[in-house]
Amino acid sequence: MSDLGFNKIAGATLATALAAVGLTQLSKIIYQPEPAAKPGYAIQVAAETGAAEAPVADTPPDWGTVLTAANVASGEEQSKKCLSCHTFTKGGANGTGPNQWGVVGRKPGSHPGFAYSTGMTDFGAKTPVWDYDHLYDFIKSPGSYISGTKMTFVGIKAPEDRINLIAWLRQQSDSPMAIPAPKPKAAAAPAASSAPAASSAPAASSAPAASSAPAAAPAA
């Protein structure tokens, strides 16, 4: 083989090798994945646009409505949370807390034979009776409602449970406190008149002028 033929073959081989290497490097550049800045993957979460609901105020209810519909049996079950400190039977003994027979309608801090805290006697000095509103707020959180009370009970938070308990307590009495009349419901706003508005432009007419006698009043 002549030197010229050998050089041609060597050149072709070298060109082929260079082309293969170049294509390999080019493919790496084109298809090389870029590493993520942080491990994992992103999840798109739609932002909530609705406004958060405002908490409902826990205020005493309309007793004339809720007491007549209360679940008294459920209220008795709620009273079992209090048995470690109180008795509820007529003539029952005082315990850590006073006997609660007739508590609804009784003056706070007045049950005979029980040594009340200063906080409770002060409260009783300015509060005529344990009415429904006072009991509702006191049972929710005794220590928050009357500062200095001996009653360390955490309270009953659910309004329905307190209503049922008060309905049951009301019945534990020789003379149950009267249930007030239901509060009147707010009057509905008057409906807007559906009568069509009269045209402001006078209609042309060839009829004779109307009589000057006064028009009849509309029916009531």
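A short tour of the structure in this document, coming up. (Residues numbered from 1 in each chain as written. Predicted model: local features only at pLDDT ≥ 70, side-chain atom pairs only at ≥ 80, totals over all residues. Heavy atoms only, no water.)

### What to know about the pattern of salt bridges
Any two side chains of opposite charge can pair, given that their charged atoms come close.
So, point 1. Across all of its chains, the model carries four salt bridges by this definition.
So, point 2. Of the charged contacts in the structure, one is a salt bridge between Arg162 and Asp58, with a shortest N-O distance of 2.6 Å. Within this pair, whereas Arg162 is found in helix H7 (residues 159-171), its partner Asp58 is found in the loop between helix H1 (3-31) and helix H2 (63-69), the two being separated by 104 residues in sequence.
So, point 3. For Arg162, a relative accessible area of 0% gives the class buried.
So, point 4. Glu77 is paired through a salt bridge with Lys80; the nearest N and O atoms lie 2.9 Å apart.
So, point 5. For Glu77, a relative accessible area of 46% gives the class partly exposed.
So, point 6. We classify Lys80 as partly exposed; its relative accessible area is 49%.
So, point 7. Here the residues in one salt-bridge network are Asp58, Lys140 and Arg162, joined through shared partners. (Salt bridge = Lys/Arg side-chain N within 4 Å of Asp/Glu carboxyl O. Helix = DSSP H or I, 4+ residues; strand = E, 2+ residues; numbered from the N terminus. Buried < 20%, exposed > 50% of the residue type's maximum accessible area, 1.4 Å probe, protein only.)

### What to know about the packing of helix H3 (residues 72-79) against H7
So, point 1. In the contact formed by H3 and H7, the axes pass within 7 Å of each other and the chain directions differ by 95°. The orientation of H3 with respect to H7, classified from their angle, is roughly perpendicular. Listed contacts from H7 to Val72, Ser74, Gly75, Glu76, Gln78 and Ser79 of H3 are Asp161, Asn164, Leu165, Ala167, Trp168 and Gln171. (Axes fitted to C-alpha atoms, helices over the stretch in contact; angles between N-to-C directions. Parallel < 35°, antiparallel > 145°, perpendicular 65-115°, else oblique. Contact = heavy atoms within 4.5 Å.)

### Description of the nonpolar core
So, point 1. Trp63, Met120, Trp130, Ile139, Ile166 and Leu169 are the most contacted members of the largest nonpolar core, which has 25 residues in total.
So, point 2. The biggest single contributor to this core is H7, with six residues.
So, point 3. What Ile139 contacts, discounting residues up to four positions off in sequence, is Gly155, Ile156, Arg162, Leu165, Ile166 and Leu169. (Core = buried A, V, L, I, M, F, W, Y, C linked by side-chain atoms within 4.5 Å.)

### Here's the deal with helix H5 (residues 132-140)
Because each turn of an α-helix spans 3.6 residues, side chains separated by three or four positions end up pointing in the same direction.
So, point 1. Taken residue by residue, H5 has Tyr132, Leu135, Tyr136, Phe138 and Ile139 as its buried positions.
So, point 2. Packing partners of the buried residues in H5 comprise H2, helix H4 (118-126), helix H6 (142-145) and H7.
So, point 3. The opening residue of H5 is Asp131, an N-cap whose side-chain oxygen sits 3.4 Å from the backbone nitrogen of Asp133. (Polar contact = N/O pair within 3.5 Å; in protein donor to acceptor, adjacent residues only side chain to side chain.)

### A look at the packing of H5 against H7
So, point 1. Packing of H5 against H7 brings their axes to within 10 Å, and their N-to-C directions diverge by 125°. One finds that H5 runs oblique with respect to H7. Note on packing geometry: the crossing formed by H5 with H7 is right-handed. Taking contact as the criterion, the partners of Tyr132, Leu135, Tyr136, Ile139 and Lys140 in H5 are, on H7, Pro159, Arg162, Ile163, Leu165, Ile166, Leu169 and Arg170.
So, point 2. Of the residues assigned to the contact of H5 with H7, the class counts are nine nonpolar, no polar and three charged. (Left-handed = near helix turned anticlockwise from the far one by under 90°. Nonpolar A, V, L, I, M, F, W, Y, C, P; charged D, E, K, R; others polar.)

Geometry only, nothing functional implied.
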